[in-house]
Amino acid sequence: MMKQLRRLLPFLSWPAPSVALIKGEALAGLTVGLMVIPQGVAYAALAGMPLETGLYASMLPALVAVLFSSSVRLSVGPTALSCLLVSASLTGLALPGSPDWVNLAIWLSILAGLIQIVLGWVHFGWLLNVVNAPVLMGFTQAAAVLIILSQWQSLVGWVGLSGGINLETLAYGAFGLGLLILSRRLKPSFPAVLLLVVCSAAISRYTGYVDRGGVVVGALPSGISFLALPQALRWSQLQSLVMPVLVITLVSFLETASSAKVDNSRQGRGWNQNQDLIGQGLAKIASGLAGAFPTSSSFSRSALNLYAGAQTGWATVFSVAVVWLASLYFLPVLHHVPQAVLAAIVVVAVLGLIRPSKFVRLWLVARVEAGIAGVTVVATLLSAPSMYWGVMTGVLMSLAHFLYRRLHPRIVEVGVHSDGRLRDRHLWSLPPLACATLALRMDAALDFGSASALEQRIVDQLAADPTVRHVVLFAQSMNHIDATGVEALERILQQLSVQGRILVLVGVKLPVERALKAAGFWEQTEALHTFVHDEDAFAYLRADACEN
């Protein structure tokens with residue numbers, strides 16, 4: 001009973017707090033909390049939301065996620081990619097920052113959260129694997145480019161062709177970029193983001209930056225939004241949110257997966273993706289009810305959390321406490337922060353996503369998948385702001401490639417190599433396995449996708465060489481057979497029997513053997529022979545085939 005309860009409520013498995021544990025967790029929580037405060041405000045601006053919602057998304061959602069997720073060392077809250085998806089999804093549906101925009105963002109969070117909870121509850125976490133690594137890589141890199149372009153105007157103070165670039169704004173942006181990039185390379189745990197915010201706010205205030213036309217954060221309401229019930233959606237609005245919700249669900253959880261897999265592997269345990277789906281879904285609902293936007297796991301903040309020495313979920317509890325105190329007492333400092341500084345924070349956060357070397361490596365490994373990644377990049381850039389079409393394009397291309405490979409399995413004629421293994425006879429210039437023998441190996445399951453390819457290969461080979469007496473199928477690589485596969489084998493056997501030929505099956509695995517026995521196919525006849533070991537099949541073939 002207690003074991004099942006701990007599975008449903010993972011926080012019951014947290015270690016009891018001790019002085020040493022709390023000291024280390026408090027330090028990690030402080031480090032992440034100081035980073036998430038300015039990041040949350042900057043990401044809220046990216047999402048087109050009121051800036052204070054970035055803090056709302058960093059408190060209750062983070063606390064809910066750590067209580068109900070299995071990966072307790074991840075930092076949950078606003079992320080650049082999720083916020084860009086919010087902005088892209090709502091463009092054209094409402095004005096950024098307006099009550100309608102906020103209401104739609106809240107619904108995005110709640111609906112995406114509900115989908116994740118359902119997927120986790122029914123153990124359908126595997127369904128998210130439809131977005132493979134090349135598609136996600138292409139999409140995130142294109143999204144990073146779009147994020148940087150969206151911040152360009154704020155970063156350099158561009159006021160149009162007539163006004164040009166505001167040099168003072170450019171100075172704030174360049175200083176912010178330089179400080180954050182240098183800090184990331186030299187000492188990642190140093191609170192450079194907080195230092196930048198405090199210093200730029202002080203300089204902005206005492207130099208009268210606003211009086212000279214500078215754009216700053218402005219006044220933010222202090223305190224916490226405890227409950228923000230959304231207004232009902234019209235049917236047309238709900239239809240417009242369906243595709244964005246699905247993409248946010250996929251992409252935000254894949255963000256979580258990238259961090260969770262690393263964290264769990266370091267701890268030497270498997271990743272419970274279904275429990276993390278539930279925890280992340282509850283966090284999104286909590287974010288919506290707090291008046292904020294969809295949250296996700298931040299790779300950079302999660303890495304910082306681990307770097308700072310976090311061991312349990314207590315670190316997140318302290319991080320939330322830091323953000324809560326900041327929402328009460330620190331917000332006046334943010335008033336004078338230049339928007340260029342917020343833009344620099346966002347740009348540096350996503351710079352690490354742009355890695356052209358990944359495309360080069362992917363091209364060397366799998367050119368088709370590299371092409372899919374490239375098309376995903378182009379489709380994402382061209383479809384902006386409706387950038388979810390980039391993901392959909394990549395997913396459809398990946399599924400089409402997967403289906404093509406299932407319909408065209410690798411089927412090779414084998415011979416015995418000098419190292420004793422069965423290899424492609426034509427590739428290695430090997431002699432036939434035995435006299436009047438066609439020996440094939442199909443590296444795939446025998447199912448509705450591959451059955452016709454195997455049948456056609458045998459027909460073509462027999463037509464090319466009428467002297468073949470034995471058709472040997474090495475089945476070690478077949479771990480599954482369905483009804484279509486069984487029917488295909490029956491047709492092959494019937495055709496060979498009529499022609500006076502013999503079908504030989506070698507190394508059939510137990511699941512396939514059970515299916516064939518259930519279909520009444522396993523009975524030994526003059527036209528069908530089965531062998532467990534290769535050596536027994538070789539001896540039979542060399543004796544029988546050569547004698548005939």
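Further up the page is the structure itself.
Quick look at the structure, then. These figures come from a predicted structure and were not determined experimentally. (Residues numbered from 1 in each chain as written. Predicted model: local features only at pLDDT ≥ 70, side-chain atom pairs only at ≥ 80, totals over all residues. Heavy atoms only, no water.)

1. Describing the packing of helix α17 (residues 367-383) against helix α18 (residues 388-407)
Moving on, step 1. Two numbers describe how α17 lies on α18: the axes approach to 7 Å, and their chain directions differ by 155°. Taken together, the axes of α17 and α18 are roughly antiparallel relative to one another. Note that α17 runs across α18; the crossing there is right-handed. Residues Val368, Ile372, Val375, Thr376, Ala379, Thr380 and Ser383 of α17 form the contact with α18, whose participating residues are Trp389, Gly390, Val391, Thr393, Gly394, Met397, Ser398 and His401.
Moving on, step 2. Grouping the constituent residues of the contact of α17 with α18 by class yields seven nonpolar, eight polar and no charged. (Axes fitted to C-alpha atoms, helices over the stretch in contact; angles between N-to-C directions. Helix = DSSP H or I, 4+ residues; strand = E, 2+ residues; numbered from the N terminus. Parallel < 35°, antiparallel > 145°, perpendicular 65-115°, else oblique. Left-handed = near helix turned anticlockwise from the far one by under 90°. Contact = heavy atoms within 4.5 Å. Nonpolar A, V, L, I, M, F, W, Y, C, P; charged D, E, K, R; others polar.)

2. Re the nonpolar core
Within soluble globular proteins, side chains that are nonpolar generally end up buried alongside one another.
Moving on, step 1. Core analysis: the largest hydrophobic core is formed by 89 residues, its most contacted members being Val86, Leu90, Phe293, Leu334, Val337, Ile345 and Met387.
Moving on, step 2. Among the elements that make up this core, the one with the highest residue count is helix α6 (residues 99-121) (11 residues).
Moving on, step 3. Grouped together as the second largest cluster of nonpolar side chains are 32 residues, Ala451, Ile481, Leu496 and Val508 included. (Core = buried A, V, L, I, M, F, W, Y, C linked by side-chain atoms within 4.5 Å. Buried < 20%, exposed > 50% of the residue type's maximum accessible area, 1.4 Å probe, protein only.)

3. Brief notes about the sheet that holds strand β6 (residues 470-474)
Moving on, step 1. One open sheet accounts for six strands, arranged β4-β3-β5-β6-β7-β8; its pairing is mixed. Each edge of the open sheet is held by one strand with a lone partner, namely β4 (422-424) and β8 (528-531). Here the average twist between neighbouring strands, direction ignored, is 35°.
Moving on, step 2. In terms of strand pairing, strand β3 (residues 411-416) meets β4 through three bridges, oriented antiparallel. Its bridge partner lying in β4, Val416 is registered against Leu422.
Moving on, step 3. Packing of helix α19 (residues 451-464) onto the sheet brings it into contact with β3, β5 (437-442) and β6, and relative to β3 it is tilted by some 60°. (Pairing = 2+ DSSP bridges.)

4. Remarks on unusual backbone geometry
Moving on, step 1. The omega torsion of the bond from Ala384 to Pro385 falls at 10°, within 30 degrees of zero and hence cis.
Moving on, step 2. Relative to the elements of secondary structure, Pro385 occurs in the loop between α17 and α18.
Moving on, step 3. The backbone phi angle of His123 is positive, close to 60°, even though this residue is not glycine.
Moving on, step 4. Residue position: His123 is located in the loop between α6 and α7 (133-156).
Moving on, step 5. Although it is not a glycine, Ala436 adopts a positive phi angle of roughly 50°.
Moving on, step 6. A residue is classified by how much of its surface remains accessible, and Ala436, at 29% relative accessible area, is partly exposed.

5. Focus: α7
Residues spaced three or four apart along an α-helix point in a common direction, a consequence of the helix completing one turn every 3.6 residues.
Moving on, step 1. With 24 residues, α7 extends 34 Å from end C-alpha to end C-alpha; this agrees with the ideal 34 Å at 1.5 Å per step.
Moving on, step 2. Of all the bends in α7, the greatest, near 30°, is centred on Ser150.
Moving on, step 3. A side-chain oxygen of the first residue of α7 lies 3.1 Å from the backbone nitrogen of Val135; this N-cap is Asn132. (Expected span 1.5 Å × (residues − 1). Bend = angle between axes of the 7 residues up to and from the residue. Polar contact = N/O pair within 3.5 Å; in protein donor to acceptor, adjacent residues only side chain to side chain.)

6. Quick notes on the pattern of salt bridges
Moving on, step 1. Going through the model one piece at a time under the given rule, you end up with nine salt bridges.
Moving on, step 2. Residues Arg410 and Asp443 are paired through a salt bridge, measuring 2.7 Å at the closest nitrogen-oxygen approach. Taken together, the residues Arg410 in the loop between α18 and β3 and Asp443 in the loop between β5 and α19 connect sequence positions 33 residues apart.
Moving on, step 3. Overall, Arg410 belongs to the partly exposed group, its relative accessible area being 44%.
Moving on, step 4. Here Lys517 makes a salt bridge to Glu513, at a shortest N to O gap of 2.7 Å. Residue Lys517 and its partner Glu513 are both found in helix α21 (residues 510-518); the two are separated by four residues, about one turn of the helix.
Moving on, step 5. Here the residues in one salt-bridge network are Arg410, Arg441 and Asp443, joined through shared partners. (Salt bridge = Lys/Arg side-chain N within 4 Å of Asp/Glu carboxyl O.)

7. A word on the packing of aromatic side chains
Moving on, step 1. Counted according to the given criterion, the structure contains six aromatic pairs.
Moving on, step 2. Centroid distance Trp14 to Trp314: 5.4 Å. Interplanar angle 65°. Geometry classified as edge-to-face. Of this pair, Trp14 sits in the loop between α1 (2-8) and α2 (19-46) while Trp314 sits in helix α13 (residues 314-329), placing them 300 residues apart in sequence.
Moving on, step 3. When its relative accessible area of 16% is taken as the criterion, Trp14 is described as buried.
Moving on, step 4. Measuring from ring centre to ring centre gives 5.4 Å for Phe531 and Tyr540, while their planes differ by 35°; the resulting arrangement is tilted.
Moving on, step 5. For the cation-ring pair, Arg423 lies above Trp428, with the distance from its terminal atom to the ring centre recorded as 4.7 Å. (Phe/Tyr/Trp six-rings, centres within 6.5 Å; stacked < 30°, edge-to-face > 60°. Lys NZ or Arg CZ within 6 Å of the ring centre and 35° of its normal.)

8. Some points on the side chain of Asp447
Moving on, step 1. Residue position: Asp447 is located in the loop between β5 and α19.
Moving on, step 2. Residue class for Asp447 comes out buried when judged on its relative accessible area of 4%.

9. Remarks on the pairing of β6
Moving on, step 1. Counting buried residues along β6, five of its five residues qualify, which places the element largely inside the surrounding structure.
Moving on, step 2. Side chains of β6 alternate between two faces, with His470, Val472 and Phe474 and Val471 and Leu473 buried alike.
Moving on, step 3. The pairing of β5 with β6 spans five bridges and is parallel. Of the residues in β6, the one forming a bridge with Thr437 is His470.
Moving on, step 4. Tracing the backbone out of β5, into α19 and back to the parallel element β6 gives a crossover that is right-handed.
Moving on, step 5. In this sheet, strand β7 (residues 502-506) lies alongside β6 in parallel orientation, the contact comprising five bridges. (Right-handed = clockwise from strand over helix to strand, strands pointing away.)

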